[in-house]
Amino acid sequence: MLFDLRTYRTRPGTLPKQLALYEELGFEAQKRHLGNPAFYGVVESGDVNAYIHLWQYENAADRETRRKALYDDADWLAYRQAGAELGYQTEQHNTLLKPAKFWLPGTRK
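Residues numbered from 1 in each chain as written. Predicted model: local features only at pLDDT ≥ 70, side-chain atom pairs only at ≥ 80, totals over all residues. Heavy atoms only, no water.

1. Details of the overall build of the protein chain
Point 1. The helix and strand inventory of the protein chain stands at three helices and four strands.
Point 2. Each helix and strand of the protein chain, placed in order from N terminus to C terminus, yields the pattern β-α-β-β-α-α-β.
Point 3. A burial count over the protein chain gives 30% of its 109 residues as buried.
Point 4. Contacts in the protein chain between residues far apart in sequence, at least 24 positions, make up 79% of those at least 6 positions apart. (Helix = DSSP H or I, 4+ residues; strand = E, 2+ residues; numbered from the N terminus. Buried < 20%, exposed > 50% of the residue type's maximum accessible area, 1.4 Å probe, protein only. Contact = heavy atoms within 4.5 Å.)

Right under this line is the structure:
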């Protein structure tokens, strides 16, 4: 299992606009190829101009295959183009994570 943690920063005051754009143009296209994210949310303390999402894959090959399909999707490319034109996003940081051998996803106790 492989997790892809993505942190994006936006210009101050533009986070709601960026999320509205994504909800309108990007979310469905991304879900078609990546499935539902394990988490998608905004930062509540610290860098409040940031949002994060966490995607789960079987392995690196699964991630590569799904992301290639995503970038072949005209709807996704339209979202990316619109986002680039508006310029709300200023920074992106990706971290690939592997679970510790004793952790089981979905358990809280």
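On we go from here.
2. Quick look at the packing of aromatic side chains
Point 1. Tallying each qualifying case throughout the model produces nine aromatic pairs.
Point 2. For the ring pair Tyr22 and Tyr79, a centre distance of 5.6 Å and an interplane angle of 70° mean the geometry is edge-to-face. Taken together, the positions of Tyr22 in helix 1 (residues 15-34) and Tyr79 in helix 3 (residues 74-86) put the pair 57 residues apart, joining distant regions of the chain.
Point 3. Classification of Tyr22 by relative accessible area gives buried; the value is 6%. (Phe/Tyr/Trp six-rings, centres within 6.5 Å; stacked < 30°, edge-to-face > 60°.)

3. What about the sheet that holds strand 1 (residues 2-10)?
Point 1. Reading across the sheet, the four strands line up as 2-3-1-4 and stay open at both edges, with antiparallel pairing between neighbours. The outermost strands of the open sheet, each flanked by one partner alone, are strand 2 (39-42) and strand 4 (89-97). Along the sheet, successive strands turn relative to each other by an average axial angle of 10°, direction set aside.
Point 2. Here strand 1 runs beside strand 3 (residues 50-57); their pairing, made up of eight bridges, is antiparallel. Residue pairing across strands places Leu2 opposite Tyr57, the latter belonging to strand 3.
Point 3. Here helix 1 sits on the sheet and contacts strand 1, strand 2, strand 3 and strand 4; the angle it forms with strand 3, its principal contact strand, is near 5°. (Pairing = 2+ DSSP bridges. Axes fitted to C-alpha atoms, helices over the stretch in contact; angles between N-to-C directions.)

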